[in-house]
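# Fold and geometry: a report
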Amino acid sequence: MDKNNREYNYIIPEIKNWPIFTLSRDRQEFIEKLTDYTVNRIKKTAKDKLSEDLAKVIYQERTRVKENPWKVDPPHEIDFWNRLRKKLVKRSLDVEEAEADADKNNEEILRTIVNRYSEEIAGNFKISTYKFARKFLTAGLNRLLNTASNRNFRRFYSARYKLRERLILHGDIDLLRSVGKDSTMVIVPTHYSNLDSVMLGWAIDSIGLPAVSYGAGLNLFNNPLMAYYFNRLGAYKLDRRKKNSIYLDTLKSFSTLTIERGTNSLFFPGGTRERTGQIEKKLKMGLLGTVTEAQRSLYEDGTNKKVVVVPLVIGYNFVLEAESLINDHLKREGKELYISESDNFSFLKTIHFLWKFFAGSSEIQISFGKPIDVLGNFVDKNSNSIDERGNIIDLKEYFISNGTVSENLQRDMEYTKILADKIVDRFHVENIVLSSHLVAFTAFNIIKSSNSNKDLFRLMRIPDEETLIEKEVLEAAVIDVLKILNTLKDEGKLQLSVTVSHGNVKKIIDLGINNMEIYHAFAPLQRNENGHYISPNLKLLYYYHNRMLGYSVEENIRWANYQILETPEKPIAQPTT
């Protein structure tokens, strides 16, 4: 049966037995363990620098409270940090105090700070709220899909559209379900939109996996409605204002202990949303390192339970925040060479995006990658690690030094780098090329080749009429790009959507353009009155083009064979906003 039409039962039938629920049930006990774990971790690494580190953290936090307060911050926070400052200063000036007492005082201050951070970070999970959110999300998206797809509302009940026909799942779902019964899963997706978390929550639930622990920005909790649900759906809080070492150590310890406890987790290894639109090629080592640390800790505790990493790629034909994201990137890279325009994210904009998505013929592709262990080896249905020759290997042996499993920070760091490289590689393999990506990639390279004397930022400022591509030129170029993509697909280096794989060139181009222009007021690519193509929004064309970078396709096409029209035509009239 097609995985998109199949109904999956939960691999753990009773929600009260899900690790995320038991973690929430034992929240206070877990916070105490998290505090002890983090304090011991910091004491080991800080050594003689603890007083200096504490002073720095207290200074940074007092500055944050004064200069960048949020509604969600606890009351009287400045008083809290002032008290710790006085305690630290008083003790440090007492020259007659014994060194042991000074260390004890520093540890008390450290424990107070870590406990405060732990209470803030740790989330909750309520079964009743989860069940309601699951039903509300599915019913709401289905209702929106049905309504938007039936412009004649009198015929609303004459057609029913399944959500799974538009949110399409890929990957070996049966393998993931089998592995999930015996292992702890860490799902690591690409990150393009604030909608990612919603789509991922739906996808994970729809294949019968237990709910995951995931991070949500503390700023989101300023909204009472969002705070209510996030506080009850397993989200832990991330405060990006706090960049001090103690907070980051507490956050890493939380991730390590959560995974070690058996709670499935999800985090975006690239950190924030990818501004360029391309597949992430550099990952953050912080949280990713906790995956390796948790696996080693499990082996130290005498259990052979496997921590399994699942790369996941989300594919959108058009992205909600594409305009603002590419603006951020170009502004950062071009500085004074680029003139930025504002484009703010809002709830109304989200509803508009979803309406346009469901009203059109677009789809969102969610590609579950093959599960791998913390060293990047593939994992079979029994959670065995398999090497490149197809042999089962004992992962535990890689954490043994002098006959026992032991901590080795340098070794674990190298393992994390290996894992990061493997995830990036799998992102590219699991990526599904959509019609919008293919058309944008081809059109942008034609325009770029025809303006080879201009750098990227000067290229962005060329008039619309100088981006004109003849219909036959675009079709011929798409055919050449398709040949390379099919070769890459046969080599197992990427995947193609059904339209790209089986559609004819004209259909691919039409669908690609329709998908890009359905949402954006100033479309990346449009047809003019003569049937040729023009780009009213070159920066968005660049953004969607970037999704196909990383495969060297652009280096294997003679773009000089495809040039824009030298005779300018009347530009397309732009919509008013």
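Keep in mind that this is a model prediction, so the values were computed, not measured.

### Considering the pairing of strand 2 (residues 184-189)
- Buried residues dominate strand 2, accounting for 6 of its 6 residues.
- Of the two faces of strand 2, the one carrying Thr184, Val186 and Val188 and the one carrying Met185, Ile187 and Pro189 are both buried.
- Sheet topology places strand 2 next to strand 5 (residues 265-266); 2 bridges connect them, and they run parallel. Note on strand 5: the bridge partner recorded for isoleucine 187 is leucine 266.

### Some words on the confidence of the model for the protein chain
- Considering every residue of the protein chain, the mean pLDDT works out to 87; 86% of them sit at 70 or more.
- Long-range and interchain partners of residues 569-577, a stretch whose pLDDT sits below 50, account for 19 contacts in this model, where long-range means more than four residues apart.

### Examining empty space enclosed by the protein
- For the structure shown, the criterion picks out 3 cavities of 30 Å³ or more.
- Around the largest cavity sit 13 residues that line it, and Leu23, Ser24, Gly123, Asn124 and Phe254 are the ones nearest its centre.
- With 3 residues, the top contributor of residues to the lining of the largest cavity is helix 1 (residues 19-25).
- In terms of residue class, the lining of the largest cavity is built from 7 nonpolar, 5 polar and 1 charged.
- If you add up the space inside the second largest cavity, you get close to 60 Å³.
- If you go around the second largest cavity, the residues you meet are Tyr192, Gly277, Tyr316, Val319, His437, Tyr543, Tyr544 and Arg547.
- Within the lining of the second largest cavity, the residues separate by chemical class into 5 nonpolar, 2 polar and 1 charged.

What counts and what doesn't
- Residues numbered from 1 in each chain as written.
- Predicted model: local features only at pLDDT ≥ 70, side-chain atom pairs only at ≥ 80, totals over all residues.
- Heavy atoms only, no water.
- Buried < 20%, exposed > 50% of the residue type's maximum accessible area, 1.4 Å probe, protein only.
- Helix = DSSP H or I, 4+ residues; strand = E, 2+ residues; numbered from the N terminus.
- Pairing = 2+ DSSP bridges.
- pLDDT = per-residue confidence, 0-100.
- Contact = heavy atoms within 4.5 Å.
- 1 Å grid on protein atoms, 1.4 Å probe; cavity = no way out; pocket = protein on both sides within 12 Å on 5 of 7 lines; lining within 4 Å.
- Points joined across faces, edges and corners; volume = space filled by probe spheres on them.
- Nonpolar A, V, L, I, M, F, W, Y, C, P; charged D, E, K, R; others polar.

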